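# Structural overview
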Amino acid sequence: MMDIKDIVKEENLVYTKTKLMTDNILSYCPGCGHGTAHRIVMEVIDELGLQSQTVGIAPVGCSVLAYDFMNIDMIQAAHGRAPAVATGVKRTMPDKYVFTYQGDGDLAAIGTAETIHVCNRGENITMIFINNGIYGMTGGQMAPTTLEGMKTSTSPYGRDLKSMGNPLKITELIAQLPGTYYVTRQAVHTPAAVRKTKKAVFKAFEVQKEKKGISFIEIVSNCNSGWKMSPVKSNEWMVEHMFPFYPMGDIKVDGELVKSNKAEVKS
Amino acid sequence: MTEEIIIAGFGGQGVLSMGKILAYSGIMQNQEVSWMPSYGPEMRGGTANVTVIVSDDRISSPVLNFYDTAIILNQQSMDKFEKTVKPGGLLLYDPNGIIHHPQRKDIKIFKIEAAKLSAEMGNTKIFNMVVLGAYLKLKPIVKLENVIRGLKKSIPERYHKLIPMNESALTKGMENPVEVFLN
Amino acid sequence: MGELKLMKGNEAIAEAAIRAGVDAYFGYPITPQSEVIEYLMAEQPEERTGMVVLQAESELAAINMVYGAAAAGKKVFTSSSSPGISLYQEGISYIAGAELPCVIANVVRGGPGLGTIQPSQADYFQSTKGGGHGDYKLYVLAPASVQEMADFIQLGFDIAYKYRNPVMIQSDGMIGQMMEKVELADQRPRWTDEEIKQMHDSWAAFGKGDHRERNIITSLDLDSAKQEKHNHHLQAKYRRMEEEEVLFEEINCEDAEYLIVAYGSSARISMKSIDLARAKGIKAGLFRPITLYPFPMKQLNAYVGKVKGILSVEMSAGQLIEDIKLAVECNVPVKHFGRYGGMIHSPEEVLTALENLIKGE
Ligand SMILES: Cc1ncc(C[n+]2csc(CCOP(=O)(O)OP(=O)(O)O)c2C)c(N)n1
Ligand code: SF4
Ligand SMILES: [Mg+2]
């Protein structure tokens, strides 16, 4: 009988696990974008040789366990407070690299004040924002980013703008603040999208090295469990429904709002 | 009469809803009931279990370490719950996917081929009702008519057309438990 | 008899709130109590009774929405679980200081910090000793069944309005997640604006008419002498609650030589331990505080000289035990037993702890 060892050979390898990801089994639902986003951040830190100089802040949300998977020193923050925790770390160790990794509930609901003020102060950190339009962790409740008409467990008949408010474009909002230096919106559902996101994360860490202020990378992602769809279907749905409302691309580069996005910012 | 039951298996097997139907059936005949699920992220595709108690008297603890009956639907649950059946109690299991079969000689052990039977009936969703039927054959703690009434209460009205299907699954289960003798 | 249903504790408390004629619910999702807001959103009470349901952006916002609605004389309910209740504390202190009636449910989970989502009773101190700043008390009810989850809504509002004081229902992940038979009360109509005016005109802020002075809702008084006077008034209120509003249950206590004192889920588990103990010939009884504040001090003190020992059972490292010791004034040996951090003790473990107490270990 053929043994697994006969298959796992140098010449057959097409992919190796990112060095800075631990061997722990990812707790994410199969098909979820969180795992890919983790890998991208760790690859960049690895390729820049920053493992020993980086501190990550994990949120409360599905990625609360990011510290189980990212092989760097990490701090787990209270729900929404990652930017404040990051500020504490960065202000006392200005030469270290600090990033937060947060979901939409964490960053744009309970943590809105921290998000706005960390950006307004222009803390020299990197923020990775996973926007899946729902509270994945707690079983699929409505998030500030939930689209109009979208069904969640707390908007079972679809989000009604009149009683539940509008989907919040927090990224466009913070891009208006002078403290933000690089603001972009990306995705991780295709190899091409992954390459673009990785470039953005590289740029973010470069910005941090140059002490230019906040880099804010929104990653529009799926929550196949919360959306009650298959992974493939959820990615299709995301492209069809999330991308028109949360358009891909740079919003602010080198401290300047990107022209093509200005109209979008107003709307 | 007090019957303390653990039902354990995979997330999608209908473990929790089977417990709920049983509990509702108890209410239909004026008994006290409690239904206590395992909850949390481990339920995402993982194991699920529920403790159901049906009693003529006020129910004390809704969580228990030992049970009159264990209904076991996967290997992890077998490993965890075989030892929790009280001496003289009942262990009912579906052998599908079970590698290490139960070994205890101080309890009654029955098999029900629910996965196979429900597949034969062309609807794997009624798997849990086949299991429930087998259980009620062995321990008729609630009357079939009350199970049907419980079923009506515990599923939304738009699914009531599926009740005859569930009823035949219950009957199928009642016809098929097989006692396992260890020696 | 009202309608009989099989419901989770979290669903029962939500349905009971609609039926009690509550005007508004504000909350933020958190396990293990998200079913409360999920149930309300699915039930659309806005159409049934006109009750408002809103998912806030955080617990900080939710509790202040409660403050606002309560200040307007409206019946308002909220629920959360431990980490969220910690965020409520500032608001609760203001609500207590401003003497606003409302009902808050805490479906406790293991801590400290983010902890776990499994059941715990480690928020006893927070509920009963004033979790926020200042000298204040909540009226704290500890349901031990799904039925009590439902019943304590109306009871809670009765007390909240009688004393103009916030009421806390402290349950936990076990009572919140389990299903039992529950008999639901009939729908009460919500108060009309006219009724609210009649009942709360002396204090609520819903718009001043010519007939009265302005009503100001505040907890601030820069004049310390006045603030002390306000505190005297609050304390007098609490003493009155201690006299008049204590609730408790005794099971098998008449001939008991040993008592288990436990509330909520631990009381349910201990009921079984008592049965197991009696089967072994141990004369054990269960004393269940239903109000954690005011604690049944006198009622428990009555067992001094009658019982040889007390086992305090709580899913915590030992918080309830402090009140038990105060109650019996160290005249009875008291020991604590409890699993915690989200672990639930089994009836057998409680029995073993009781046997150890008897052996003097
Ligand atoms: C103070 C507080 N409130 C509420 C919660 C419950 N809670 C945990 S994660 C979460 C939302 C997570 O959603 P999001 O940030 O979008 O992350 P996702 O899981 O979708 O990645 C909530 C409300 C908590 N842990 N603490
Ligand atoms: S619940 Fe959603 S966000 Fe969380 S791991 Fe699953 S798919 Fe991902
Ligand atoms: Mg999210």
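Everything that follows concerns the structure shown earlier in this document.
Report on the accompanying structure.

Each value, and the rule that gives it
Residues numbered from 1 in each chain as written. Chains lettered and ligands numbered in written order. Predicted model: local features only at pLDDT ≥ 70, side-chain atom pairs only at ≥ 80, totals over all residues. Heavy atoms only, no water. Donors = N, O, S within 2.8 Å, 3.2 Å for Na, K, Ca; no water. Helix = DSSP H or I, 4+ residues; strand = E, 2+ residues; numbered from the N terminus. Salt bridge = Lys/Arg side-chain N within 4 Å of Asp/Glu carboxyl O. Buried < 20%, exposed > 50% of the residue type's maximum accessible area, 1.4 Å probe, protein only. Contact = heavy atoms within 4.5 Å. Buried area = accessible area lost by both parts, 1.4 Å probe. Polar contact = N/O pair within 3.5 Å; in protein donor to acceptor, adjacent residues only side chain to side chain. Core = buried A, V, L, I, M, F, W, Y, C linked by side-chain atoms within 4.5 Å. Domains from an automatic or database assignment. Pairing = 2+ DSSP bridges. Axes fitted to C-alpha atoms, helices over the stretch in contact; angles between N-to-C directions. Near = heavy atom within 4 Å. Areas by Shrake-Rupley, 256 points an atom, 1.4 Å probe, with all protein chains shown as cover.

Here the focus is the coordination of the magnesium ion (ligand 3). All names here are of chain A. At 2.0 to 2.4 Å from the magnesium ion (ligand 3) lie its protein donor atoms, namely D104 (OD), N132 (OD1) and I134 (O). Along the chain, the residues donating to the magnesium ion (ligand 3) are arranged with the sequence spacing D-x27-N-x1-I. Taken as a pair, D104 in helix α5 (residues 104-110) and N132 in the loop between β4 (126-131) and β5 (134-135) lie far apart in primary sequence, 28 residues in all.

This next bit is on the pattern of salt bridges. This model, assessed by the stated rule, comprises 42 salt bridges over all chains. Put simply, K139(B) and E3(B) hold a salt bridge, and the shortest N to O gap is 3.2 Å. Of this pair, K139(B) sits in the loop between α4 (127-138) and α5 (144-154) while E3(B) sits in strand β1 (residues 2-10), placing them 136 residues apart in sequence. Overall, E3(B) belongs to the buried group, its relative accessible area being 4%. Between E245(C) and K162(C) there is a salt bridge, with the nearest N and O atoms lying 2.6 Å from each other. On the criterion of sequence distance, the pair formed by E245(C) in the loop between α10 (224-244) and β9 (248-251) and K162(C) in helix α7 (residues 146-163) is long-range, its members being 83 residues apart. Classification of K162(C) by relative accessible area gives partly exposed; the value is 47%. Through salt bridges with shared partners, a single network forms among E3(C), E15(C), R19(C), E43(C) and R48(C).

Below, the discussion takes up the interface of chain B and chain C. Each side of the interface is counted separately: chain B has 26 residues, and chain C has 25 residues. Regarding the contact of chain B and chain C, the summed buried area is about 2,200 Å², with carbon and sulfur atoms giving 63% of it. At the boundary of chain B and chain C, one finds three salt bridges. Taken together, the links from chain B to chain C amount to twelve residue pairs in polar contact (both at pLDDT 80 or more).

The subject of this paragraph is the interface of chain A and chain C. Contacts between the two partners involve 19 residues from chain A, matched on the other side by 18 residues from chain C. Across the chain A-chain C interface, the total number found is zero salt bridges. Here chain A and chain C share eight residue pairs in polar contact (both at pLDDT 80 or more) between them. Secondary structure elements with two or more residues in the side of chain A that touches chain C: α5, β6 (141-142) and α7 (161-164) of chain A. At three residues, the largest contribution of residues to the side of chain A that touches chain C is made by α5(A).

Glancing now at the environment of F10(B). All names here are of chain B. Looking at the secondary structure, you find F10 in strand β1. A relative accessible area of 36% places F10 in the partly exposed class. A C-alpha to C-alpha distance of 8.6 Å links F10 and S77, two positions 67 residues apart in sequence. What F10 contacts, discounting residues up to four positions off in sequence, is V15, G46, T47, A48, N74 and Q76.

Residue and element names in this part refer to chain C. Counting residues in each nonpolar core, the largest one holds 121 residues, and the members touching the most others are F77, I153 and L300. The dominant element in this core, judged by the number of residues it contributes, is α7, at ten residues. Looking at which domains feed residues into this core, each of domain 1 (3-193) and domain 2 (249-359) supplies at least three. Once residues lying within four places of it in the same chain are set aside, the contact partners of I153 are I13, A16, A17, A20, F77, V103 and I169.

Below, the discussion takes up the sheet that holds strand β1 (residues 54-58) of chain A. Residue and element names in this part refer to chain A. A sheet is described by the order of its strands in space; here eight strands give the open sequence β2-β1-β3-β4-β8-β7-β9-β10, paired in mixed fashion. Each of the sheet's edge strands pairs with one partner strand only, and the pair in question is β2 (73-76) and β10 (256-257). Both β1 and β2 contribute to a ladder of four bridges, which runs parallel. If you follow G56 over to β2, its bridge partner there is M74. Its contacts with the sheet place helix α4 (residues 82-92) against β1, β2, β3 (97-103) and β4, and it is angled at close to 175° to β3. Against the sheet, helix α9 (residues 191-209) engages β1, β3, β4, β7 (180-187), β8 (214-220) and β9 (249-253), with an angle of about 165° to β7.

On to the site of ligand 1. Around ligand 1, a shell composed of 22 residues is seen, among which H34(A), C62(A), D106(A), G136(A) and E59(C) lie nearest. Nearby residues place ligand 1 at the junction of chains A and C. With respect to ligand 1, the backbone of D104(A) contributes an N or O atom lying 3.2 Å from an oxygen atom. Between ligand 1 and N132(A), the relevant distance is 3.1 Å, taken from an oxygen atom to a side-chain nitrogen or oxygen of the residue. Protein burial of ligand 1: of its 590 Å² of free accessible surface, 97% is covered by the chains.

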